[in-house]
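In case you want the letters, here they are:
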Amino acid sequence: MMKESSKKAIVVFDIDGVIRDVGSSYRRALADTVEHFTNKAYRPTSLEIDQLKSEGIWNNDWEASQELIYRYFANQGTPREQLQLNYETIVTFFQSRYRGTDPENWTGYICDEPLLLKPSYLEQLTQADIAWGFFSGATRGSATYVLEKRLGLQSPVLIAMEDAPGKPDPTGLFATLKQIENNSEETSSIIYVGDTVADMYTVGKAKELQPHRNWIGVGILPPHVQETTERAESYTQTLIKAGATIVLSNVEQLIPGKIAELVNSH
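Here is a short report on the structure shown in this document. Just so it is clear, the structure is predicted and the values come from calculations on it, not from any experiment.

**With respect to the environment of Gln179**
1) Next: Turning to its location among the elements, Gln179 is positioned in helix 7 (residues 171-181).
2) Next: Since its relative accessible area comes to 40%, Gln179 is described here as partly exposed.
3) Next: Gln179 sits 22 residues away from Val157 along the chain, and the two C-alpha atoms are 6.7 Å apart.
4) Next: Filtering out sequence-adjacent residues up to four positions away, Gln179 remains in contact with Val157, Leu158 and Ile159.

**A closer look at the packing of aromatic side chains**
1) Next: Inspection of the entire model under this criterion finds twelve aromatic pairs.
2) Next: Ring centres 6.3 Å apart and planes at 70 degrees place the aromatic pair Phe13 and Tyr121 in the edge-to-face group. In this pair, Phe13 sits in strand 1 (residues 9-13) while Tyr121 sits in helix 5 (residues 119-127), placing the two residues 108 residues apart along the sequence. Like Phe13, the residue Tyr121 is buried in the burial classification.
3) Next: Within the aromatic cluster, the residues linked to one another by ring pairs are Phe13, Tyr121, Trp132 and Phe134.
4) Next: Here Lys167 stacks its cationic end above the ring of Phe135, 5.3 Å away from the centre of that ring.

**Quick word on the pattern of salt bridges**
1) Next: In total, this model carries 17 salt bridges according to the counting rule given.
2) Next: Salt-bridge contacts for Lys167 lead to Asp199; the nearest nitrogen and oxygen are separated by 2.7 Å. Of this pair, Lys167 sits in the loop between strand 3 (158-159) and helix 7 while Asp199 sits in helix 8 (residues 197-209); the two residues are 32 residues apart in sequence, bridging distant segments of the chain.
3) Next: One salt bridge connects Arg213 with Glu181, and the closest N-O pair in it is separated by 3.0 Å. Of this pair, Arg213 sits in the loop between helix 8 and strand 5 (214-220) while Glu181 sits in helix 7, placing them 32 residues apart in sequence.
4) Next: Residues participating in the shared-partner salt-bridge network are Asp32, Glu35, Arg43 and Arg97.

**Observations regarding the packing of helix 3 (residues 61-75) against helix 4 (residues 87-98)**
1) Next: In contact at an axis separation of 10 Å, helix 3 and helix 4 are set at 115 degrees when each is read in the N-to-C sense. Judged by the twist between their axes, the crossing of helix 3 over helix 4 is right-handed. Residues Asp61, Trp62, Glu63, Ser65, Gln66 and Ile69 of helix 3 form the contact with helix 4, whose participating residues are Tyr87, Ile90, Val91, Phe94 and Gln95.

About the criteria used
- Residues numbered from 1 in each chain as written.
- Predicted model: local features only at pLDDT ≥ 70, side-chain atom pairs only at ≥ 80, totals over all residues.
- Heavy atoms only, no water.
- Helix = DSSP H or I, 4+ residues; strand = E, 2+ residues; numbered from the N terminus.
- Buried < 20%, exposed > 50% of the residue type's maximum accessible area, 1.4 Å probe, protein only.
- Contact = heavy atoms within 4.5 Å.
- Phe/Tyr/Trp six-rings, centres within 6.5 Å; stacked < 30°, edge-to-face > 60°.
- Lys NZ or Arg CZ within 6 Å of the ring centre and 35° of its normal.
- Salt bridge = Lys/Arg side-chain N within 4 Å of Asp/Glu carboxyl O.
- Axes fitted to C-alpha atoms, helices over the stretch in contact; angles between N-to-C directions.
- Left-handed = near helix turned anticlockwise from the far one by under 90°.

Dropping the structure here:
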């Protein structure tokens, strides 16, 4: 039995596709990058990007861009060993689209990302004695921009790209929990909220390494897959197959009552 002083549960959120809609920012920058480095011969569709990410190892959009470029040329008969792709050049081009060309004053696609939750939602969790934080594959600059500048959060717990290996490695998830718990008693129920296969795989790997905790993966349908019912249903099944306990169409549906239900039935 948990002591009364401990939290009922901890909810850790992914950011892209959960906290903000990146359909016209990260994903658009990815498509721009692939198009640029294939000399405008190939621009991946939203579905093709999803198919790549469903493999569960392409959470990093810079690496995903490079991989799609490699695969395009491989299909044209040029093996990747023969390509002189420079990863840093790919990253620089991607960032010029996503952040903009001025490193101090961002003017790129990031400026127009719709938010998928309101600060009042997080306050609702706090009031219900549910602790929360963020573990994201986004860069710290990008993640901080949305959490502090857009949502107005004061120094939230955040583990970003620079702080831990990429998902599905759960190291960053464990680091997030350590910061939230801050030497207090270990919370037994952990919910990780994400929108990709890699996010759900992260929960599975965390469960393998710390089986004494109650790990729950909650899938969120990113806005771009909700354009048709068929695509939303297909994406839902993909997340469930990857380990999601439940799949919601918006993060704000994960209210305290739903969290209690998940914790008690899992």
